[in-house]
Amino acid sequence: SQELEQSPQSLIVQEGKNLTINCTSSKTLYGLYWYKQKYGEGLIFLMMLQKGGEEKSHEKITAKLDEKKQQSSLHITASQPSHAGIYLCGAENTGNQFYFGTGTSLTVIP
Amino acid sequence: EPEVTQTPSHQVTQMGQEVILRCVPISNHLYFYWYRQILGQKVEFLVSFYNNEISEKSEIFDDQFSVERPDGSNFTLKIRSTKLEDSAMYFCASRLQGAGEQFFGPGTRLTVL
């Protein structure tokens, strides 16, 4: 089965600081998704990456997929308290099963 | 903006009872999913559904689970005889195509006593 490992497991940063979350797959990814989950709530789609070397940005969040398509990073610039939550990477296998990573809990201190 | 809705938001049941969790996907979406998240653990895929049939299911989705799209709008997850370990948050999701963004509902918290 496909495994997605995220690091770090949790992160506490001061408001205004930059941060990076990593997602590593045991197999080649055919599509990598980033979601955000607020505590006790549903998942909000952030970005999807498909091609090796692809990079996408939305507001202050940038996601990249490496050339080998086994690693992705999510970078937040000048973090704000609204960025707090759990960040999840996700991918699907050829059998249309969707897997989520272990999650990274982000706390932003004002 | 269209959204996925789920009812109830919280369900408490006795062990051995049947529960039905309900979801209303976005109206023009064709692919439907159920996930669960046990407290403190990661979100786990349960089942995907397309064209009125299950397209994929995980090892978690055993004979105690079933899904149905009884009409044009609802998508339900039934657990026939609940166990303590079924206590979790259950998320429904839908999407228009077989790839791309999945839209998630807010979840139903199931507590089995």
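This one's a predicted model, so the numbers in the text were calculated from it and none came from an experiment.

### Overview of a nonpolar patch on the surface
Residue and element names in this part refer to chain B.
Then comes step 1: Taken together, the side chains of Leu 30, Tyr 50 and Leu 96 define a hydrophobic patch exposed on the protein surface, amounting to about 260 Å² of accessible area.
Then comes step 2: For Tyr 50, the position within the fold is in strand E5 (residues 43-50).
Then comes step 3: Of the residues examined, Tyr 50 reaches a relative accessible area of 33% and is grouped as partly exposed.

### Re the pattern of salt bridges
Then comes step 1: Per the stated rule, a full pass over the model turns up five salt bridges over all chains.
Then comes step 2: Glu3(A) is paired through a salt bridge with Lys42(B); the nearest N and O atoms lie 3.9 Å apart. Residue Glu3(A) is located in the segment before strand E1 (4-7), and its partner Lys42(B) is located in the loop between strand E4 (31-37) and E5; the two belong to separate chains.
Then comes step 3: The exposure class assigned to Glu3(A) is partly exposed, which follows from its relative accessible area of 35%.

### Describing the pairing of strand E6 (residues 53-57) of chain B
Residues and elements named next belong to chain B.
Then comes step 1: Examined bridge by bridge, E5 and E6 share four bridges and lie antiparallel to one another. Note that in E6 the partner of Tyr 50 across the bridge is Glu 53.
Then comes step 2: In this antiparallel pair of consecutive strands, E5 and E6, the connection spans two residues, and Asn 51 shows a positive phi of 55 degrees.

### Looking at the packing of aromatic side chains
Then comes step 1: Inspection of the entire model under this criterion finds 16 aromatic pairs over all chains.
Then comes step 2: Ring geometry for Tyr35(A) against Phe104(B): centres 5.3 Å apart, planes inclined by 80 degrees, an arrangement best described as edge-to-face. Of this pair, Tyr35(A) sits in strand E4 (residues 32-37) while Phe104(B) sits in strand E10 (residues 103-104), each in a different chain.
Then comes step 3: Judged by relative accessible area, which is 0%, Tyr35(A) ranks as buried.
Then comes step 4: With a centroid separation of 5.6 Å and 70 degrees between ring planes, the pair formed by Phe100(A) and Tyr35(B) is classed as edge-to-face. Of this pair, Phe100(A) sits in strand E10 (residues 98-100) while Tyr35(B) sits in strand E4, each in a different chain.
Then comes step 5: Take Phe100(A): its relative accessible area is 2%, and that puts it in the buried class.
Then comes step 6: By way of ring pairs, the aromatic residues Tyr33(A), Tyr35(A), Phe45(A), Phe98(A), Phe100(A), Tyr33(B), Tyr35(B), Phe45(B) and Phe104(B) are connected into one cluster.

Conventions used here
Residues numbered from 1 in each chain as written. Chains lettered and ligands numbered in written order. Predicted model: local features only at pLDDT ≥ 70, side-chain atom pairs only at ≥ 80, totals over all residues. Heavy atoms only, no water. Patch = residues over 30% accessible without salt bridge, like charges linked within 9 Å, V, L, I, M, F, W, Y side chains within 5 Å. Areas by Shrake-Rupley, 256 points an atom, 1.4 Å probe, with all protein chains shown as cover. Salt bridge = Lys/Arg side-chain N within 4 Å of Asp/Glu carboxyl O. Helix = DSSP H or I, 4+ residues; strand = E, 2+ residues; numbered from the N terminus. Buried < 20%, exposed > 50% of the residue type's maximum accessible area, 1.4 Å probe, protein only. Pairing = 2+ DSSP bridges. Phe/Tyr/Trp six-rings, centres within 6.5 Å; stacked < 30°, edge-to-face > 60°.

Take it as geometry only, folks, not as evidence of what the structure does.
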